[in-house]
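The residues making up each chain are set out below.
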Amino acid sequence: MAFLLNTEIVINATPNKVWAILTDFKNYPNWNPFITSLTGDFEIGKKIIVRIEPPEVKASTFKAIVTGFEVNEKISWFGIFIMRGFFDGEHNFELTDNGNGTTTLVQYENFTGILVLIFKKH
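Residues numbered from 1 in each chain as written. Predicted model: local features only at pLDDT ≥ 70, side-chain atom pairs only at ≥ 80, totals over all residues. Heavy atoms only, no water.

1. So, the confidence of the model for the protein
Item 1. With 82% of its residues at a pLDDT of 70 or more, the protein shows a mean pLDDT of 86.
Item 2. Across the protein, element-level confidence peaks in helix 1 (residues 15-22) with a mean pLDDT of 96 and bottoms out in helix 3 (residues 116-120) with 61. (pLDDT = per-residue confidence, 0-100. Helix = DSSP H or I, 4+ residues; strand = E, 2+ residues; numbered from the N terminus.)

What follows is the structure in C-alpha cells.
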C-alpha cells in the first residue's frame, strides 16, 4: 500500500533565501502548522526528532533518519510508525531555481505500509 501527498508553490525569492527559512528549524511553529518542530543533526544517516500536528488528528512526535540534505536543493527524512512496514513515510522538501529570482518548492510525503488505508481515510 502506498499514498502520496504533495504540494508545489512558486516563491518570489531565490533558493538561498528559501533555504534559509526552510532550515531555520526553531521557527517552524511560526509558519508551519503541520510540522511544528524539527530537532537534531541534519546530516544524511543521522536521527532527528519530528513533531507533527495534523488537523483533526492527535499530534505526535517521532524519530526519523535524514535521507537527503543538499544545500539550497533538498531536505528529506524517513520515519517509521511502530515498526517498518506498518506505516512508514519519507518526507521531502525540494527546491528548484527557476533562473528568474523565483524558486519552486515541492513538498511531498510518500507513505507506505499496511496501515496506509486506515490513515488515508482521515
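Resuming the write-up.
2. With respect to the pattern of salt bridges
Item 1. As enumerated under the stated definition, the model contains one salt bridge in all.
Item 2. Glu53 is paired through a salt bridge with Arg51; the nearest N and O atoms lie 3.4 Å apart.
Item 3. Here Glu53 falls in the partly exposed class, since its relative accessible area comes to 35%.
Item 4. By relative accessible area, Arg51 is classed as partly exposed at 32%. (Salt bridge = Lys/Arg side-chain N within 4 Å of Asp/Glu carboxyl O. Buried < 20%, exposed > 50% of the residue type's maximum accessible area, 1.4 Å probe, protein only.)

3. Things to note about the nonpolar core
Item 1. Counting residues in hydrophobic clusters, the biggest one holds 19 residues, and the most contacted among them are Leu38 and Trp77.
Item 2. Listed by contribution, the elements that provide at least two residues to this core are helix 1, strand 2 (35-40), strand 3 (47-52), strand 4 (60-70), strand 5 (74-81) and strand 6 (87-97). (Core = buried A, V, L, I, M, F, W, Y, C linked by side-chain atoms within 4.5 Å.)

4. Digging into the side chain of Ser76
Item 1. Among the structural elements, Ser76 can be located in strand 5.
Item 2. A polar contact of 2.8 Å, which involves the side chain of Ser76, links it to the side chain of Thr67. (Polar contact = N/O pair within 3.5 Å; in protein donor to acceptor, adjacent residues only side chain to side chain.)

5. As for the environment of Pro15
Item 1. Considering the arrangement of structural elements, one finds Pro15 in helix 1.
Item 2. In this structure Pro15 comes out as buried when scored by relative accessible area, which is 11%.
Item 3. Sequence separation between Pro15 and Asn98 is 83 residues; the distance between their C-alpha atoms is 8.9 Å.
Item 4. In this structure Pro15 touches Asn72, Leu95, Asp97 and Thr103, once residues within four positions along its chain are discounted. (Contact = heavy atoms within 4.5 Å.)

6. Topic: the packing of aromatic side chains
Item 1. Tallied over the full model, the rule gives six aromatic pairs.
Item 2. Note on Phe25 and Tyr28: the rings are 5.7 Å apart at their centroids and 50 degrees apart in plane angle, and the pair reads as tilted. Pair check on accessibility: Phe25 and Tyr28 agree, each one buried.
Item 3. Counting every residue linked through ring pairs, the aromatic cluster contains Trp19, Phe25, Tyr28, Trp31, Phe42 and Phe69. (Phe/Tyr/Trp six-rings, centres within 6.5 Å; stacked < 30°, edge-to-face > 60°.)

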